[in-house]
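These are the residues of each chain, in order.
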Amino acid sequence: MKLIIAILATCLTLAGCAMAPTGGPNDVDRLAQAIQNLDPGVDPTEARRAAEISYSYANQLKRDWGVNDPAIIHNAKVINGFREKGLCNDWAQAMTTRLKQENFQTLDLHWATSPPTAFRIIHHSALISAKGDSMYDGIILDPWRNSGALFWAPVREDTRYNWRPRLDVREELISGANPY
């Protein structure tokens, strides 16, 4: 029993060390520039606003939902009733809904899903693209994976997940085409 407790304590300590810091002004600037670079038609003011909201709202949700642990541990707290929200789909819905409130004219919001596999559970995230572009040409906005600290990257460069349109993944799961 002592060995199990020692292993668990070590894992929790290491997981706590892996938590990412919150974003600063330079992070917002970099995201704003990346959004603006999606297409020459992207309004720089909209790109800046989207970046500011992405960071500030992720931080607000982290506080509101009491996220103080690595994502997978927070998931266990939600599943076991110790926290109300904080699963990846909660983050995706909240971020997508909040960004859509801005009524951007040169940007589109998407809900992306990475389907489950034998070694990974399903994962959801918000995604932003230039108006009319495919989600695959956009930027993933994922505050879940770093426990409220925003991770972002061009979708095609985020090789940790197999991002796809949410409704396509949903249909595969319902139809049985994806056995997980």
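What counts and what doesn't
- Within any chain, residue numbers begin from 1 and follow the written order of that chain's sequence.
- Whole-chain, interface and lining totals are the exception, using all residues; otherwise, since this is a predicted model, local features are given only for residues with pLDDT of at least 70 and side-chain atom pairs are given and counted only at 80 or more.
- The side-chain figures draw on all heavy atoms in the structure; neither hydrogens nor water molecules are used.
- Residue types Ala, Val, Leu, Ile, Met, Phe, Trp, Tyr and Cys, when buried and joined through side-chain atoms within 4.5 Å, form a set referred to as a nonpolar core.
- Residue exposure (1.4 Å probe, protein chains only): buried if accessible area is under 20% of the type maximum, exposed if over 50%, otherwise partly exposed.
- Only DSSP runs of H or I with at least four residues qualify as helices, and only runs of E with at least two residues qualify as strands; both kinds are numbered from the N terminus onward.
- Contact between two residues is taken to exist if any of their heavy atoms lie within 4.5 Å; hydrogens are not considered.
- Residues adjacent in sequence count toward polar contacts only when both atoms are side-chain atoms; beyond that, a polar contact is any pair of N or O atoms within 3.5 Å, and within protein one must be able to donate a hydrogen and the other to accept it.
- We call two strands paired when DSSP finds no fewer than two bridges between them.
- Criterion for a salt bridge: a side-chain nitrogen of Lys or Arg within 4 Å of a carboxyl oxygen of Asp or Glu.

(A) Representation of the nonpolar core in the model. Grouped together as the largest cluster of nonpolar side chains are 39 residues, with contacts concentrated most on Leu31, Ile35, Ile128 and Leu141. Take this core: its biggest share by element is 7 residues, from helix α3 (residues 44-64). With residues up to four places along the chain from it excluded, the contact list for Leu31 reads Ala51, Ser54, Tyr55, Ile139, Leu141, Leu150 and Trp152.

(B) Highlighting the side chain of Asn75. Turning to its location among the elements, Asn75 is positioned in helix α4 (residues 71-79). Excluding anything up to four places from it in sequence, Asn75 contacts Gly86, Leu87, Ile121 and Trp144.

(C) Quick peek at unusual backbone geometry. With a phi angle near 50 degrees, Asn103 is a residue other than glycine that sits in the positive phi range. Mapped onto the fold, Asn103 is located in the loop between α5 (88-100) and β1 (107-114). Non-glycine residue Ser147 carries a positive phi angle of around 55 degrees. The residue Ser147 is located in the loop between β3 (139-142) and β4 (151-154) in this model.

(D) Here's a closer look at the environment of His110. Its location among the elements puts His110 in strand β1. Judged by its relative accessible area of 18%, His110 falls in the buried class. Considering only alpha carbons, one finds His110 and Ser134, 24 residues apart in sequence, at a separation of 9.2 Å. Apart from the residues lying within four places of it in its own chain, the contact partners of His110 are Thr96, Ser125, Ala126, Leu127, Ser129, Asp133 and Met135. Within polar-contact distance, the side chain of His110 engages the side chain of Ser129 at 2.7 Å.

(E) Spatial organisation of the sheet that holds β4. With antiparallel pairing, 5 strands are arranged side by side in an open sheet as β4-β3-β2-β1-β5. In this open sheet, the two edge strands, each paired with only one partner strand, are β4 and β5 (164-165). Relative to strand β2 (residues 123-130), β1 runs antiparallel, the two being bridged by 8 bridges. Each bridged residue has a counterpart across the sheet, and for Ser114 the counterpart in β2 is His123.

(F) Highlighting the environment of Tyr180. Looking at where Tyr180 falls in the secondary structure, it is placed in the segment after α6 (166-175). For Tyr180, a relative accessible area of 55% translates into the label exposed. Along the backbone, Tyr180 and Ile122 are 58 residues apart, and their C-alpha atoms lie at a distance of 8.9 Å. Those residues in contact with Tyr180, other than ones at most four positions away along the chain, are Pro116, Thr117, Ala118 and Leu173.

(G) View of the pattern of salt bridges. A complete count under the given rule lists 12 salt bridges for this structure. A salt bridge links Arg48 to Asp29; its shortest N-O distance comes to 2.3 Å. In this pair, Arg48 sits in helix α3 while Asp29 sits in helix α2 (residues 25-36), placing the two residues 19 residues apart along the sequence. The salt bridge involving Lys131 is made with Asp108; its shortest N-O contact spans 3.3 Å. Taken as a pair, Lys131 in the loop between β2 and β3 and Asp108 in strand β1 lie far apart in primary sequence, 23 residues in all.

(H) Structural view of the pairing of β2. The buried fraction of β2 is high, at 8 of 8 residues. Direction of pairing for β2 relative to β3: antiparallel, over a ladder of 3 bridges. Residue pairing in the sheet places Ile128 in a bridge with Ile139 of β3.

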